[in-house]
Every structure is written in C-alpha cells, then in structure tokens.
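Breakdown of the fold
Each chain, letter by letter, is given below.
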2 protein chains.
Amino acid sequence: MALKKKPVNGMRDILPEEAALRDHVTAVIKETYRSHGFTPIETPLLEEIGNLSNDQGGENEKLIFKVLKRGEKLDLTGDVREEDIVDYGMRYDLTVPLSRFYSNNENDLQKPFKALQMGPVFRADRPQKGRYRQFTQCDIDIIGEKSYLAECELITATTKALSRLSFSDFRIVINDRRLLSSMADYAGFPKERQGKLFIILDKLDKIGLEGVRDELKESGFDETSIEKYISLFEALDGKNDIQESLSILKERMGDFFPEDAASDLTNIGSIVMSDDVREADFSLVFDPTLVRGMGYYTGPVFEIRIAELDISCGGGGRYDNMVGLFAGHDTPACGFSIGFERIILLLKEKGYEIPGSGKKTAILLDKGLSADEIKKAYGEARALRSEGNTVLIERMQKNKKFQKEMLEKEGYSEVIEKWQNQ
Amino acid sequence: MALKKKPVNGMRDILPEEAALRDHVTAVIKETYRSHGFTPIETPLLEEIGNLSNDQGGENEKLIFKVLKRGEKLDLTGDVREEDIVDYGMRYDLTVPLSRFYSNNENDLQKPFKALQMGPVFRADRPQKGRYRQFTQCDIDIIGEKSYLAECELITATTKALSRLSFSDFRIVINDRRLLSSMADYAGFPKERQGKLFIILDKLDKIGLEGVRDELKESGFDETSIEKYISLFEALDGKNDIQESLSILKERMGDFFPEDAASDLTNIGSIVMSDDVREADFSLVFDPTLVRGMGYYTGPVFEIRIAELDISCGGGGRYDNMVGLFAGHDTPACGFSIGFERIILLLKEKGYEIPGSGKKTAILLDKGLSADEIKKAYGEARALRSEGNTVLIERMQKNKKFQKEMLEKEGYSEVIEKWQNQ
C-alpha cells in the first residue's frame, strides 16, 4: 500500500514556528497558574467508552473516536454490534477525565484540589476551516470549594495569564445557571422543557430576540410564558452592569428571584474587578442570555471574549454534580478552560513575538574540514551557547547564498563560516 | 452503566508531584535542544492505519490501538474483517509520523531539518510493572544530513540535556549497522538470514556468547560461519576502545572490513569526547553486539546507559531509507530518542528536586470574611506573587491543624490566616 503524506482527515501538522509559539504560550499559562497554587496533572488520552458516554457530555458524545478491542476480546464472527467490538474511546474533553481522576485519587490530593491540565482532545466533527479533530485544551479546575472563592480564583488567574500573553481589553461575560432556571420558572416553563429552552436562547447572538421568540413558538412553548420570558430580556436590554441588572430582575421576578445566585454574582464581580486584585485590563459583563452548552453546569458560568473577535476564547462554570457521578458523594467543582487554539490563532494573526529568545548564530562547516577543525567549531558553539545564544552547526551547502537566506529567515542574525586550514 | 474510577488497563493517572517533574524535565530538554538549533514540531496522535503498518515498525505494528470508522463509512452488516472497519491507528512511535510530516511539509522546512518532537505514543502491550500502554517519547532527528555531523550533534545535545538533569557518569554505547552486516558477511551468513541473526545477537547481554552460539545452532545456521562469527567477538572481548577494536577487526576481516563505518565511528568518537566539545561527564563505549531493535537503521546506532541501571535510557541511529518511503526520494536521516519515562523514574528514585521553585505561601480565609476583606487578601497575594512567590488562597477549614499539615507537605512554608474584622 502506498504511504500517505497528508495527516488524517481533519488533523494537522504543526510547523516549527507555530510549535515554538505553542510551547511558549503553554509555558506562560502553566507558570501563571502554578503561581496561583494550581498543580499540574496528566490523564490518559483513552477512557472507558462507558465513562465517555454518560450523558454529561452533550453533543460531544456523538463525536467520539472509538478504539477497537484487541486480541481474544475482539470477536468479529456473526452479526456484530458496535458496542460489542469497542472498549475505549479517545477523550473529547478534559472534564470527564478530571472527574474520574479525582475520584480515583481523592485520598492523595489536597482539599480543595486545584488542578491544571493541558493536552489534546479529539472530536470526530465535520472538518472545517479553523476547526480540527484534534485540538489542545487547557483547563483549570477547583474541586471541593463550594463558595464563590473558586470562581474568583479561576477568573483572576486566567485573566492574568491572558494579560501576560499581551491581551488587553477583553471581556469576561458572566451569568448563573440558577438565574437562568429561575427566569424560566418565573415565566412558567416546565422544568423538563428548560433544556430545550436554553438551547434556543443560546442562539440569541445569531438570531436576535425576535428569532428566539419565533423558535420558541415553533417548538410549541406556551405563548404566555414566551411573552413573560421575552419581556425580562427586553427590560434588561443594553444593561451590562451586574448590580443594575439584578435590581431590575429582582423587582420583576419577586419570589422567583434567586438570592443565592445574585449574591454570588455580586461578590465575584466586586472582587475580581477590584483595583487591588485585578492584574489585567478587562471588563466583567453580565449577560442573562449566556448559557454555555454543556448540560452539567449548576451555578455561575462565564466566557472570555476578546475584543478583536468577540467570539468565545474560553469559558467555564460551576458543575457541582459531575464529579459526584464518579466519586459517589457530593463534590462541588468549578472550572475554566482557555480556548488554546483560538489564542494561538489570535497571536499568530497579530504577529506576536516570543519575548527574550536570545541571539541566533549559525556556524557553517566546509566539507573539507578535518575532525580536529570540526572540534574547534563545536568548542566555539559551546562558548556561544553558554552566553545564552542558540547555535546551529551545519554543513556549508553548494548554494551558500540560498542557505544563508534561509537561515536569516529563521532568525539567524549571525553566520560564521569555517574553512579548511583557516 | 456504572462509571469506572480506574484509568483504562495499562494506562495511568499522573499526580501533581510527578506531573510537575515531567513539566520541568520537558522544559530542560526542549530548551537544551532549542539552543542547539533544533525546532519543535507537532504531529497528530492518529495516523492512517496503512502508514503505521508499513513493515518498518517491527513488533510495534502488532501493538496498534486501532480506531473504528465512523458514520456511513462503517459497515457492520454481514461478515466483517478488521481491515474493513478501521481507518486510523494511534501512533506507536514518533519516527513514522516524523517521516510523514517531513515528506508532507518538505518545501516549508529548513534543510537539513533539525526536528524536536515530544509527545505520547501508544502500544497495546501486555501491561507490566513500569511499562505502560501510553508513554511519552522525546525525539530529536536531523533529516537531510548524510555525514557524521548529524550523529555528533545528536550525541552532543543529548548528553548535555542529561547533564543538565543532574546525570553524570553515564555511557553512550555505539555501533554501526554496516559493521554488523560486514561481520556477518565475513562469517559467511547469507543476507536474507541476517535479520534473524541480529535478533539472536541482541540477546547477548542476557544469554552470553555461549547462549548466542547455542541459539544460532538451534536456528540452523551454518556451524563454520557460527564459529568464525563468534571468534570475532571473542577477539574483541573486554575491549571498549573504538580504535583498538576497529584495528583488531580490520586485521581479521580483511576486505570485508567496512572502511566507511570505521571512519564514521572514529570521527564521531573523537569529536564528541573532545574536552573542547563535551559538556557532560560520560564515556563513549564501542559495543559490536549493539543491534537496536528496529529494522530501519542503516548506519551508526547508539544507546544511553545510565550507571545506576545499566539498562537503556534511550538511543537512536541513522535510518537513511525510512523518510524516502514517504518522500519518494533519497533522504538521509538520523535520530536520537531520550527514554523519557525511564529518566523520570530515575529522577524520582534519587529524590531529584526541581531547582528554583521559589517560596510558597498559603493564605487561609475565615468563612466570615466580607467581600472587602477578601479583596484585601487577594491584593496581598498579588504583591507576593509579583516577587516570584507561589500564593495559594483557600478557605480556612474546620480542622485547621490538618489543613496546615497538608499544606506544609505540599511545600507551603508560610501560612497566613485572615480573620473577620482583623
């Protein structure tokens, strides 16, 4: 069979320039989180297929790359069903593995546990521009802290990491799942249809409030409830301030107003935006329509929007029930995921330069050099490296002019030529 | 279905302490290689199953985790064969992906191309102590350099990385595939049986020269050839010096002696061991029985042995034909792989401490603190972090004594308590 040069469909090769940027961004993110007391962990890239198909992963569960059983366990005779011939799946996020990890290692971990996890995840999505089937996720999570202190830590550390990566003027958009539910309760939507309701509300960015109203009607929601619901959003229209928005909602919703969610949102806003605390130039914006897709969120949810794009470059929220599915007992948890691939894309677009890379010198060796002459050149390279330089040693090529041009393109500002009997 | 807490069979969770060590070792290795002009690349974790089953990967090809086709492409009706229902495989090494990568991106890469690749690989091996089905590989490769300069670079940079990780007194064992072949030719073994011959020779460490002789006889090799072959190794017994060993072989082998291999080995030894060049305390040892398993090696092969273990902690060699299988034209290549997992194990065993981690302070917040008081604590944390410290903020727990003990265990040498109305 002929060998294929292209990567598998929907995945990609990463060339040196981007790979170096990725290494740098990874280092900055990890160092920032570490300085906030987060500790790195690693989990396998494969999980039991049953762990991945636990109904918490939403649409992602349809996109799992499944691994064929091996050896005697694989029986292909007769009629086979997919579930009988696969045992593992490639992880589609880092949250399911983290939940399993925590329940498996709980006794050996700090409480609360502040986890930092970076690594590739896989989704057999339809490949499209800028969307790949393997991509890197970067998650921090705090497990075992039920108060809003967790949210404050996640937002403070993440905004600092973004700031260190040269981003300013971005927004953290915040909402609370309890508030979302209460608003739906207030409007009279039955609990069992609220999942569908939020899927439609989540499209507001694209289809506007009128579009949401139309889709709700088409989906057979009660018209009185729809109007009552829409009127809440109309009353909040254009208001981003948490305090002002919550006051309006409180007045309208009466007993339906969730004081616990409101108090958390107020405190989070007050702390992370304080001049004593913040280390980045960002704004915190309340958005009562922010849903965040995953079904497992239970409290505050948030999203990063970077001005240049105004699309999500990461997000997270509180998911107090997920870890308990594995651990078997109540375990509050809260996480934030930086959209690593989007961040890389933005940095590439704005021509970000990796700071402090040092001087780069190339030493070109003529073909005729003796071993002793080569030794001398190596010694010179060693001396230059000890001063912090990058030193490349390579053979002088026939087309030396072209070779030097290529080296200059790679940032080699100095080229030293070594000739025989020099 | 109940969720499983354990990682999948043969894979493992990596806890914070080891994960931090892995991050540190990764950073040191990458920085060292970068300073020698190697550039990082990344390749997908999945490859076309046909690329992985190309007969170059030896035994590893039997250990591939295979990925089930998806959607319409998966047809499970009737009698199915494994090759009809899988399309991708998880990579079992970094060399096949690198060869594909190079041929796919050749025009965008420096020539010669010095690649640095680190990442997980997967082998569905029988799980056993210290051997996992997912493990990290760390490879450097030089593609497009046909002279021994490539070998010198690989050995110089790798020994320096090991030295920076506190290893000293290790050995680089070296041999050459051309010499191996010539010795077999000299003894009169036919070319087509030399693969089998080297598999038996490779066991010499375990079964001794007598054991090799016996196994060769059992496998039906010609007795005269066996004795002629064994006598070469007897003549070299106990001699590690490259020059001395090569002289003995030259005298015995006459016209069979491979001058090209001998000259390369001599020059490599002379350059990398020179006091002007070396940056690590290691010895270079010639071992005419070193085979290195993979079928694709064509020239010098080498292996790292660290004194404490004297087992292989990495190795590599020249493989001039592999990249060409993808690229379609002659492409010399040479690579070195550090045994990352073994290095981590050794560093853990010897209680290696990550240098320069800075002071760690924990700030404990009493439950009764107001948002304003929490703000102040965050401000204090920010100030401490700006001085390079790690600062953890968390709630004061009911069992404060236990909490402090746990923090001390994690290296938090300072604990600050924040009380209401302090």
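All of these numbers come straight from a predicted model, not from anything done at the bench.

Right, let's talk about the interface of chain B and chain A for a bit. Residue-level contacts link 109 residues of chain B with 109 residues of chain A. Summing both partners gives a buried area of about 9300 Å² for chain B against chain A, and 57% of it is carried by carbon and sulfur. By the criterion of area lost to chain A, the three top residues of chain B are Leu3, Lys5 and Tyr378 of chain B, representing 8% of everything that side buries. Put simply, chain B and chain A have 10 salt bridges between them. Here Asp13 of chain B and Arg100 of chain A are joined by a salt bridge, their closest N and O atoms 2.7 Å apart. Examining the composition of the side of chain B that touches chain A, we find that eight residues originate from one element, helix 1 (residues 16-35) of chain B, more than from any other.

A word on the domain arrangement of chain A. Split into domains, chain A comes out as domain 1 (16-43 + 92-349) and domain 2 (360-418). Centre-to-centre, using C-alpha coordinates, domain 1 of chain A lies 50 Å away from domain 2 of chain A.

Attention now goes to the state of the cysteines. Residue and element names in this part refer to chain A. Under the defined criterion, the tally for this structure stands at zero disulfides over all chains. Left without a disulfide partner, Cys334 is nearest to the cysteine sulfur of Cys152, which lies 9.6 Å away. A relative accessible area of 0% places Cys334 in the buried class.

This part covers helix 13 (residues 340-349) of chain B. Residue and element names in this part refer to chain B. Among the residues of helix 13, those classed as buried are Phe340, Ile343, Ile344, Leu346 and Leu347. For helix 13, the angular spread of buried residues about the axis comes to 165°, placing them on one side. One or two positions beyond helix 13, positive phi appears at Gly351, with a value near 65°.

Another aspect to go through is the sheet that holds strand 9 (residues 300-306) of chain B. Residues and elements named next belong to chain B. Pairing is mixed in the open sheet, where eight strands are placed in the order 1-5-6-11-10-9-7-8. Across the chains shown, the open sheet's two edge strands, defined by having one partner strand only, are strand 1 (39-40) and strand 8 (282-286). Bridge count for strand 6 (residues 134-143) against strand 11 (residues 333-338) is six bridges, and the pairing is antiparallel. Note that in strand 11 the partner of Ile142 across the bridge is Cys334.

Once that is clear, we can look at the side chain of Asn175 of chain A. Residue and element names in this part refer to chain A. When you line up the elements, Asn175 lands in strand 7 (residues 170-176). Judged by its relative accessible area of 1%, Asn175 falls in the buried class. Looking at Asn175, its side chain comes within polar contact range of the main-chain oxygen of Pro288, at 3.1 Å. Setting aside residues no more than four positions away along its own chain, Asn175 makes contact with Leu180, Leu265, Phe286, Asp287, Pro288, Thr289, Leu290, Gly299, Pro300 and Val301.

Residues and elements named next belong to chain A. Spatial ordering of the open sheet is given by 1-5-6-11-10-9-7-8, a layout of eight strands whose pairing is mixed. Both outer strands of the open sheet, strand 1 (39-40) and strand 8 (282-286), are each paired with one neighbouring strand and no more. Relative to strand 5 (residues 113-122), strand 1 is paired through two bridges, and the arrangement is parallel. In the sheet register, Pro40 faces strand 5, and the bridge partner there is Leu116. The strands touched by helix 11 (residues 259-272) are strand 7, strand 8 and strand 9 (300-306); relative to strand 7, the strand with the most contacts, the crossing angle is about 160°.

Parameters and conventions
Residues numbered from 1 in each chain as written. Chains lettered and ligands numbered in written order. Predicted model: local features only at pLDDT ≥ 70, side-chain atom pairs only at ≥ 80, totals over all residues. Heavy atoms only, no water. Contact = heavy atoms within 4.5 Å. Buried area = accessible area lost by both parts, 1.4 Å probe. Salt bridge = Lys/Arg side-chain N within 4 Å of Asp/Glu carboxyl O. Helix = DSSP H or I, 4+ residues; strand = E, 2+ residues; numbered from the N terminus. Domains from an automatic or database assignment. Disulfide = S-S within 2.5 Å. Buried < 20%, exposed > 50% of the residue type's maximum accessible area, 1.4 Å probe, protein only. Arc of directions from axis to C-beta. Pairing = 2+ DSSP bridges. Polar contact = N/O pair within 3.5 Å; in protein donor to acceptor, adjacent residues only side chain to side chain. Axes fitted to C-alpha atoms, helices over the stretch in contact; angles between N-to-C directions.

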